[in-house]
Each structure stands twice: as C-alpha cells, then as structure tokens.
Amino acid sequence: MKPLPGDLAALAAGGKAALARTLSALETAPEDPGLVGLLDAAWAAPAGLVLGLTGPPGVGKSTLTNALVAALRGRGETVAVIAVDPSSRRSGGALLGDRTRIATDPEDPGAFVRSMAARRRLGGIADITFPAAVLMRAVFDWVVVETVGVGQSETEIADCADLVVFCAQPGSGDALQFMKAGVMEVPDLVLVTKGDLGAPAVRAAAEARGALSLAEGVAPAVAVVSARTGAGVDAAIEAVAALADARQRVGSLAARRRAQGRAWAESRLVESIGRIGYDLLWRQIEFYDTPFACVVGASGRVRTLLHQSLKEA
Ligand SMILES: Nc1nc2c(ncn2[C@@H]2O[C@H](COP(=O)(O)OP(=O)(O)O)[C@@H](O)[C@H]2O)c(=O)[nH]1
Ligand SMILES: [Mg+2]
C-alpha cells in the first residue's frame, strides 16, 4: 500500500485516493505516528464545516444528502460525506432494505463518500467518525455526516458535527414530541423533508415551530425542503452557512470544536486506560492543541508503566 500523506498539503494534493488511504489507516493503524500527526495538523486547520444530519430512518436523509452534494458542487464547493451504517450486534446489518445510496461521480475530485459502521455503540456514531470528520474538514468545504437516526446517534452527532440538522417527516409527530420532552438535544436547524407532498409538510413545519418554541433558549429555524424537486435545498445551505458564520464571529464554533476534541480524547482514554488511569493522568494532559497525539501518548505511558510493574512484581 502507498504510504500515508506526509502532511496536510500532501493529503489535499493526493485527492480522494490519499484521503481514502488515510481513513483506512484510522481503522487499521490508529496509533501510526504519521496518521496521528496528520490528525493533529487537520485539527489545527479546520477549513470547512461539518454538518450532521439526523432524523428517523426513512425521513429522507440520504436523498437529501444527495441533493446537498449536487447543490454544493453546483456552487463550486467541495463536499465529503460520511454515511454511518446501521450495523450493530443486534441487527447485524441494515435496518431498512431499501436504503437510498449516496451516489457521487467517481471522476469528480470535489465529492467524496465514505460509509462507516456504527460499531459498538449500538445504532450510534462510529468511534472513528470524529477523527474522520476532522480530516475531511481540513480538505473539503463541507462534510455531511448522515446518521442512522436511531436512539443515541441523535445526541452523539452533536459530539462530532459543527451544526446539527434534524430532519422531520411530514405526518409524524414523534421526534417533535421527543424534542418537546427534552429527550433529544435541540438541533441547530429543523428541515421538514418531502416538501413536494404539499400540505402535510407545511403542517409539519408549523407543528415543529410550535414544539420548538417551548424549548429552552433560542428556537432553531424550521424550513421545508424537497430533495426530490430540489426546492428549499439552496436556502437550507445558506441558512446553515449563515449560522456557522455567526458562530465563528462570536467564537462559539471554535469553543464547540475544542470541547468536542476534549470529550473525544477523554472517552478514548477512559476506554484504553480506564477510569482510574484517566483520573490519575488527566491533569497532566494538555488536550487542546494535539488531542490525537495526547491520547496515543497517554495510553503509551500507561502501557509502559504497567509493563514495568508487571515485570517487577
Ligand atoms: N416524495 C418524496 N419522497 C422522498 C424525498 N426524499 C426521500 N424520499 C423517499 O423517502 C424514502 C426514504 O428516503 P431515504 O433517503 O432513504 O431516507 P433515510 O433513511 O432518512 O436516509 C425513499 O423511498 C425516498 O425515495 C422527497 O423529497 N420527496
Ligand atoms: Mg439513509
């Protein structure tokens, strides 16, 4: 296999093949020093925006992702997609047989799609979604993460996306009930899908606005889109970009990313060195500039210490 790109410039210059190789290394050699260096470099240079799409299966997330890719490419912007597959121990495969595939032109260097299994955390976001999104964000204008939209994934996406869009289906009030009850984190934008259905979509949007007005803080905007006709897709992109701009100006986007890096590093470390190890070590770890190297470094230290003490015992 060809070596990993040596730095971010090489990752960008290497195109989709270089990105695909780097993403594979995330799964096969997550502690590779070259990979870890690339991750921290990408972490320090976020160029694009990570958009998380959540919503129940069948709501139209994949179809909308296709429409977003087409619209963004039409505007001359580049886009990478992470499709989190609903594989799990329990179901062992796809939940819906007729899942819409996300299709892009393999010849187009500006559009990239990667599927990832929602391993371990049932129905949730793959552990490598976060580092994958960090890598993609350094070389693409947009990163769209389509979740499987069952249970936890709806809140987990908030841990790796810059902005979360919740997709709601005309004629189903369930998710809005969750939101009202505070079960679900409030998204940054709500899109009622399948706007071509007409009145039911308009009604769903009104219901969503009503439900969200009861939530704490500033209620997110609600808009209607149709991936089928393309209506509202450009407006949705503009709404997301405007939100991101506003947050960038006040610094809350950067703050959110820092918190995500810290939370990811903490959860990986607790997994590798345990809660006791983490509680002993965390004060000595400076996560913010190099969260990826920190995780590998701290696990390595603990491994060495344990090894020594076992030999001495
Ligand atoms: N009428 C209409 N149907 C749609 C639209 N978007 C998706 N669908 C249909 O809804 C079903 C589920 O779509 P899919 O994108 O796979 O949903 P996902 O499970 O949320 O990814 C499919 O049969 C789509 O053809 C739309 O804009 N209008
Ligand atoms: Mg889908």
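Being a predicted model, the structure only gives us computed values, none of them experimental. What you see as residue numbers is a count from 1 along each chain, following the sequence as written. Each chain is given a letter, starting from A, and each ligand a number, starting from 1, according to the order in which they appear as written. Restriction of local features to residues with pLDDT of at least 70 applies here, the model being predicted, together with a cutoff of 80 or more for giving and counting side-chain atom pairs; totals for whole chains, interfaces and linings are based on all residues. Excluded from the side-chain calculation are hydrogens and water; included are all heavy atoms of the structure.

A few points about the confidence of the model for the protein chain
Phase 1: Looking at any residue, its pLDDT shows the predictor's confidence there, from 0 to 100. Put simply, the protein chain has an average pLDDT of 86, and 87% of its residues get 70 or more.
Phase 2: For the protein chain, helix α7 (residues 174-180) is the element with the lowest average pLDDT, namely 63, and helix α9 (residues 233-250) is the one with the highest, namely 97.
Phase 3: Low pLDDT (under 50) marks residues 88-98, which in the prediction has 14 contacts with non-local residues, meaning those over four places away or in another chain. Strands are runs of DSSP state E lasting at least two residues, helices are runs of H or I lasting at least four, and both sets are numbered from the N terminus onward. The contact definition used throughout considers only heavy atoms, calling two residues in contact when any of these lie within 4.5 Å.

Comments concerning the coordination of the magnesium ion (ligand 2)
Phase 1: Ligating atoms shown are N, O and S within 2.8 Å of the metal, or 3.2 Å for Na, K and Ca, and water is not included, meaning a site may look less than complete. Protein coordination at the magnesium ion (ligand 2): the donors are Ser62 (OG) and Glu146 (OE), at 2.1 to 2.2 Å from the metal. Of the two residues, serine 62 sits in helix α4 (residues 61-74) while glutamate 146 sits in strand β4 (residues 142-146), which places them 84 residues apart along the sequence.
Phase 2: Summary of the burial criterion: residues with accessible area below 20% of their type's maximum are buried, those above 50% are exposed, and those between are partly exposed, where the area comes from a 1.4 Å probe applied to protein chains only. By relative accessible area, glutamate 146 is classed as buried at 5%.

Some details on the packing of α4 against α9
Phase 1: Where α4 contacts α9, the two axes come as close as 10 Å, and the packing angle between them is 80°. One way to sum up the angle between α4 and α9 is to call them roughly perpendicular. In this structure, α4 uses Leu64, Ala67, Leu68, Ala71 and Leu72 to contact α9, whose residues at the interface are Val233, Asp234 and Ile237.
Phase 2: Within the contact of α4 with α9, the residues separate by chemical class into seven nonpolar, no polar and one charged. Comment: axis = line fitted to C-alpha atoms, over the contacting stretch for helices; angle = value between 0 and 180 degrees taken between N-to-C directions. The scheme is simple: roughly parallel for angles under 35 degrees, roughly antiparallel for over 145, roughly perpendicular for 65 to 115, oblique for anything else. Polarity classes work like this: nonpolar for Ala, Val, Leu, Ile, Met, Phe, Trp, Tyr, Cys and Pro, charged for Asp, Glu, Lys and Arg, and polar for all others, with Gly in that last group.

Quick word on the pattern of salt bridges
Phase 1: Salt bridge, as used here, is a side-chain nitrogen of Lys or Arg placed within 4 Å of a carboxyl oxygen of Asp or Glu. For the coordinates displayed, the defined rule picks out 12 salt bridges.
Phase 2: Residue arginine 75 pairs with glutamate 238 through a salt bridge whose shortest N-O separation is 3.2 Å. Placement of arginine 75 in the loop between α4 and β2 (79-85) and of glutamate 238 in helix α9 is noted, with a sequence separation of 163 residues between them.
Phase 3: Taking the relative accessible area as the measure of exposure, glutamate 238 reaches 45% and is therefore partly exposed.
Phase 4: The closest approach of N and O atoms between glutamate 271 and arginine 268, which form a salt bridge, is 3.3 Å. You can see glutamate 271 and its partner arginine 268 sitting in helix α10 (residues 252-281), three residues apart, about one turn around the helix.

With respect to the site of ligand 1
Phase 1: We call a residue near a molecule or strand when any one of its heavy atoms sits within 4 Å of it. Surrounding ligand 1, one finds 15 residues, the nearest of these being Gly58, Lys61, Thr63, Thr100 and Asp196.
Phase 2: One of the backbone nitrogen or oxygen atoms of valine 59 is found 3.4 Å away from an oxygen atom of ligand 1.
Phase 3: One of the side-chain N or O atoms of threonine 63 is found 2.5 Å from an oxygen atom in ligand 1.
Phase 4: Note that accessible areas follow from Shrake-Rupley with a 1.4 Å probe, and for residues the cover is restricted to the protein chains shown. For ligand 1, whose accessible area on its own is 580 Å², the fraction buried by protein is 81%.
Phase 5: In terms of residue count, the dominant contributor to the shell around ligand 1 is α4 (three residues).
Phase 6: Considered class by class, the residues forming the shell around ligand 1 number four nonpolar, six polar and five charged. The term polar contact refers here to a pair of N or O atoms within 3.5 Å; inside protein, the definition further demands a hydrogen-donor-capable atom paired with an acceptor-capable atom, and it admits residues adjacent in sequence only when both atoms are side-chain atoms.

A closer look at the nonpolar core
Phase 1: Side-chain atoms within 4.5 Å link the members of a nonpolar core, which is a set of buried Ala, Val, Leu, Ile, Met, Phe, Trp, Tyr and Cys residues. Of all hydrophobic cores here, the largest spans 48 residues; its most connected members are Leu23, Leu26, Ile82, Leu135, Met136, Leu269 and Phe292.
Phase 2: The element best represented in this core is helix α5 (residues 129-139), accounting for seven residues.
Phase 3: Other than its neighbours up to four places away in sequence, phenylalanine 292 contacts Val36, Leu39, Asp40, Trp43, Phe130, Pro131, Val134 and Trp264.
Phase 4: Grouped together as the second largest cluster of nonpolar side chains are 29 residues, Ala71, Val79, Ile102 and Ile237 included.

Here we look at the packing of aromatic side chains
Phase 1: Stacked, tilted and edge-to-face are the three classes assigned to paired rings of Phe, Tyr and Trp, where Trp is represented by its six-membered ring and a pair needs centres within 6.5 Å; plane angles under 30 degrees give stacked, over 60 edge-to-face, the rest tilted. For the structure shown, the criterion picks out six aromatic pairs.
Phase 2: Between tryptophan 43 and phenylalanine 292, the aromatic rings sit 6.4 Å apart at their centres with planes inclined by 80°, giving edge-to-face as the arrangement. Highlighted residues: tryptophan 43 in helix α3 (residues 33-44) and phenylalanine 292 in helix α11 (residues 291-312), separated in sequence by 249 residues. As far as the burial class goes, tryptophan 43 and phenylalanine 292 line up, both buried.

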